[in-house]
Amino acid sequence: MAPPRTQITMQIGDIIFQAQNEESEFNTAVTHSGADTDEIIKQINHVGLYVGNNIVIEATQQHGVIQQPLNDFLARAKYNLIATIYDDSVIKNAITRVKTCLGLPYNHSFRAEDEGFYCSELITYAFKYPSGEDYFQRYPMNFKDSATGQIIPYWIKYYQKQPIPQGELGSHPQQLLRQKALFKTIVNHHKCVKNTVKKI
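Just so you know, these numbers come straight off a predicted model, no measurement behind them.

## Some points on the pairing of strand β3 (residues 55-60)
Phase 1: In terms of residue burial, β3 counts as a mostly covered element, since six of its six residues are buried.
Phase 2: Side chains of β3 alternate between two faces, with Ile 55, Ile 57 and Ala 59 and Val 56, Glu 58 and Thr 60 buried alike.
Phase 3: Where strand β2 (residues 46-52) meets β3, three bridges bridge the pair, whose relative direction is antiparallel. From the neighbouring strand, Tyr 50 faces β3, where its bridge partner is Val 56.
Phase 4: Connecting β2 to the antiparallel partner β3 that follows it, the hairpin turn spans two residues, and Asn 53 within it adopts a positive phi of roughly 55°.
Phase 5: Where β3 lies against strand β4 (residues 64-69), six bridges are found, and the strand directions are antiparallel.

So, in structure tokens, the structure goes:
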């Protein structure tokens, strides 16, 4: 039985990384495509943005970009890692940008040029410096199993009508979380342990 979650103080602009409770082929494939070695980070398969007033904005497969009550969002996960970035001007910009995305579709192809957003793509879109430069670095996307080096069978089926965008620039919740130098703090909501991340 999981330990009870203790209430923590959320800040506007906090990024919530999740290991979702729902066991689906999609969630499993996303988790394995990240392949982090950290025991908690490697379970992360979703991310949303807290915009204040107990509201989280996220990109979902079923409904596209939507807003959810904070408690409902947190309750969907085994783990919630709540991350606060350093730059207040970027946070302010992110809240404005992410709200303009409400109602847009989910980007099922994961390709940058296609309409809509997948969950971590929404975060990289929102978090830009006022100059327009990305806050989070994008990376060559991976659809391979780290253990075998082979494309995960789920993705072969998923992309049966189009090429798999292996190596194309994109993002993944685990990849965003690995950019620890960009975060002031990361809080494990499941265990309520606060980790202060020093800027490199």
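## Observations concerning the pattern of salt bridges
Phase 1: Applying the stated criterion to the full structure yields three salt bridges.
Phase 2: The partner of Glu 58 in a salt bridge is Arg 76, with the nearest N and O atoms 2.7 Å apart. Pair noted here: Glu 58 is in strand β3 and Arg 76 is in the loop between α2 (70-75) and β5 (77-85), with a separation of 18 residues, a long-range link.
Phase 3: Using a relative accessible area of 0% as the deciding quantity, one classes Glu 58 as buried.
Phase 4: By relative accessible area, Arg 76 is classed as partly exposed at 27%.
Phase 5: Note that Lys 128 is salt-bridged to Asp 134, the shortest N-O span being 2.3 Å.

## Remarks on the side chain of Lys 128
Phase 1: In this structure, Lys 128 sits in the loop between α4 (119-126) and β6 (139-140).
Phase 2: The class of Lys 128 is buried, set by a relative accessible area of 16%.
Phase 3: Engagement of the side chain of Lys 128 in a polar contact is seen with the side chain of Asp 134, the distance being 2.3 Å.
Phase 4: When neighbours within four sequence positions are excluded, Lys 128 is seen to be in contact with Val 90, Asn 93, Arg 97, Glu 133, Asp 134 and Tyr 135.

## Quick word on the environment of Leu 70
Phase 1: Checked against the element boundaries, Leu 70 lands in helix α2.
Phase 2: Separated by 19 residues in the primary sequence, Leu 70 and Val 51 have C-alpha atoms spaced 9.5 Å apart.
Phase 3: Leu 70 has contacts with Met 10, Ile 16, Tyr 50, Asn 54, Ile 55 and Val 56, leaving out every residue within four places of it along the chain.

## Topic: the environment of Ala 59
Phase 1: Within the fold, Ala 59 resides in strand β3.
Phase 2: In this structure the C-alpha to C-alpha distance between Ala 59 and Asn 107, which are 48 residues apart in sequence, comes to 8.7 Å.

About the thresholds
Residues numbered from 1 in each chain as written. Predicted model: local features only at pLDDT ≥ 70, side-chain atom pairs only at ≥ 80, totals over all residues. Heavy atoms only, no water. Buried < 20%, exposed > 50% of the residue type's maximum accessible area, 1.4 Å probe, protein only. Helix = DSSP H or I, 4+ residues; strand = E, 2+ residues; numbered from the N terminus. Pairing = 2+ DSSP bridges. Salt bridge = Lys/Arg side-chain N within 4 Å of Asp/Glu carboxyl O. Polar contact = N/O pair within 3.5 Å; in protein donor to acceptor, adjacent residues only side chain to side chain. Contact = heavy atoms within 4.5 Å.

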